[in-house]
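# Overview (structure and organization)
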Amino acid sequence: MKEIVCKLLVIGAGPGGYICAIRAGQLGVDTVIVEAVKAGGTCLNIGCIPSKALIHAAEEFEKVSHFAGTKSPLGISLEAPKLDLAKTISWKDGIVSRLNSGVLALLRKARVKIVHGRAKFRDGKTVEVETETGVQVIRAETIVIATGSEPVELPFLPFGGPVISSTEALSLKTVPQKLVVVGGGYIGLELGTAFAKLGSKVTVVEATSQILPQYDAELVKPVAKRLADLGIRVLTGAKAKGLSGNALLIETAEGAEEQLAAEKILVTVGRKPRTEGWGLDELDLDRTGKFLRIDDRCRTSMRGVHAIGDITGEPMLAHRAMAQGEMVAEIVAGKKRTWDKRCIPAVCFTDPEIVTAGLSPDEARAQGYEVRVGQFPFNANGRAMTMLSEEGFVRIVARADSNLVLGIQAVGSGVSELSSAFALAIEMGARLEDIAATIHAHPTRSEGFQEAALKALGHALHI
């Protein structure tokens, strides 16, 4: 098979990789991208997109189930609904397929050569790709590693049989009667909540003292209340020990052993960078813990080798990888770019949703800032009232001396759609006065953003 020579080789067609390749192609860079499975990576195929589809289906089913046999405040009543999960999964797969085809089309439009197969490094300029027709050798001036991440497997709960990862959870054909979720982080709670709404009896086992330990307690409180309302049992300070027949053996916070009967055990204890199987040992790359070390241009310790996305560390978010990929493509094309982001918004798609951008009050104080904090509850927001979703709030953290906004957080129904406004305010260097003086459309949830700024300034109008 003839050797391919190119200026840029991207290994991995996940969000970071395909964005990098598309932008490089747009800029006239001779680009090749290698993907072992499907374009779109974890996010599009077995992560962000399919999980949000399942979450939406679960929300719709729970909504109509609530109307069955009860008196709705909206005056709506209907017969008990039925669920065909196989059909739901088929719908989800259709969305994934459409987006997957769209990514491939965009790559072709940008004149990117796509090689399907598993890449393995020979050296810092050369890879071998095992394709269906044989081994393809590719040489490149610059290589971008975008191999992503994969679920962490517990040695005493290996995947297989009743023990599943998020990948298998998103392809179940029937709703498990009893589901135990090991790990109370965002993945475990997003999927656990969805299956509870679909009819599973769900138990969450979290080793730390709080679910969603990466968020402050004030943001987590409305989520914990909703989990209880859905009948989800949450065991914090509890440790999974292994299988015991058809049950999960755990040690409770009090030190007692308990067996949790389960049809499926969903393990969501984190993700790890995908560093095996592509010849990393052939490269002399510095590490930061288990991740590849990069600088503010995503350069590794080897000349001509860049790395982006989950393999480079936290936060392991698709939109961070995308931004890195775009930047690297422009650097390869000769443009002057560095990583100068003030914040990377993060969204937890629980019920209610959580959004964070920038610093929390405690994080700001830990960095030495004196802060003003403004918080506005959605139970004083007209739009939230009209949608029966008054839980949660918007919170703004600003410097006390200049009113410069340092961070914005929110918890509530649909607040994920406010994330771009939060990030934009921080990126643009907004002050409390800027947000307070911006006219926000009425009635919308976004008014809570304005009201939080007014509260921090000391003259809230609606509370």
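Data block above holds the structure.
Its location among the elements puts Thr300 in the loop between β18 (291-292) and β19 (305-307). According to the relative accessible area criterion, Thr300 is buried, its value standing at 11%. A polar side-chain atom of Thr300 sits 2.7 Å from the main-chain carbonyl oxygen of Val305.

With antiparallel pairing, the five strands of this open sheet are ordered in space as β20-β21-β24-β23-β22. Here the strands that pair on one side only, and so sit at the sheet edges, are β20 (346-348) and β22 (371-377). Neighbour-to-neighbour, the strand axes of this sheet turn through a mean angle of 10°, independent of strand direction. With three bridges joining them, β20 and strand β21 (residues 353-358) adopt antiparallel strand pairing. Within β21, the residue paired with Cys348 across the bridge is Ile354. Across the sheet, helix α11 (residues 419-427) is in contact with β20, β21, β23 (393-399) and β24 (405-412); its angle to β24 comes to roughly 170°. Helix-sheet contacts for helix α13 (residues 447-457) involve β22, β23 and β24, and the interaxial angle to β22 is about 140°.

Attention shifts here to the pattern of salt bridges. Oppositely charged side chains can form a pair if their charged atoms are brought close together. One pass over the structure, following the stated rule, counts 21 salt bridges. Arg395 is the partner of Glu218 in a salt bridge, and the nearest nitrogen-oxygen pair spans 3.1 Å. Of this pair, Glu218 sits in helix α7 (residues 217-229) while Arg395 sits in strand β23, placing them 177 residues apart in sequence. Note that Arg233 is salt-bridged to Glu258, the shortest N-O span being 2.9 Å. Of this pair, Arg233 sits in strand β11 (residues 233-236) while Glu258 sits in strand β14 (residues 257-261), and the two are 25 residues apart along the sequence. Residue Glu258 is classed as partly exposed on the basis of its relative accessible area of 23%. Because the salt bridges share partners, they merge into one network encompassing Glu62, Lys197, Arg226 and Asp351.

Tallied over the full model, the rule gives two aromatic pairs. Each ring, one from Phe422 and one from Phe449, has its centre 5.0 Å from the other, and the planes form 65°; the classification is edge-to-face. Residue Phe422 is found in helix α11, and its partner Phe449 is found in helix α13; the two are separated by 27 residues along the sequence. Here Phe422 and Phe449 have matching classes, each one buried. The ring of Trp339 carries Lys341 above its face, with NZ or CZ at 5.8 Å from the centroid. Geometry around Phe378 places Arg445 over its ring, the cationic atom sitting 5.9 Å from the centre.

This next bit is on the sheet that holds β11. An order of β8-β15-β9-β10-β11 is seen for the five strands of this open sheet, with the pairing classed as parallel. Each having just a single partner strand, β8 (163-164) and β11 make up the two edges of the open sheet. As paired elements, strand β9 (residues 178-182) and strand β15 (residues 264-267) share four bridges and run parallel to each other. The partner of Val182 across the bridge, within β15, is Val267. Sitting on the sheet, helix α6 (residues 186-198) touches β9, β10 (201-206) and β15, and the angle it makes with β10 is about 165°.

The rules we used
Residues numbered from 1 in each chain as written. Predicted model: local features only at pLDDT ≥ 70, side-chain atom pairs only at ≥ 80, totals over all residues. Heavy atoms only, no water. Helix = DSSP H or I, 4+ residues; strand = E, 2+ residues; numbered from the N terminus. Buried < 20%, exposed > 50% of the residue type's maximum accessible area, 1.4 Å probe, protein only. Polar contact = N/O pair within 3.5 Å; in protein donor to acceptor, adjacent residues only side chain to side chain. Pairing = 2+ DSSP bridges. Axes fitted to C-alpha atoms, helices over the stretch in contact; angles between N-to-C directions. Contact = heavy atoms within 4.5 Å. Salt bridge = Lys/Arg side-chain N within 4 Å of Asp/Glu carboxyl O. Phe/Tyr/Trp six-rings, centres within 6.5 Å; stacked < 30°, edge-to-face > 60°. Lys NZ or Arg CZ within 6 Å of the ring centre and 35° of its normal.

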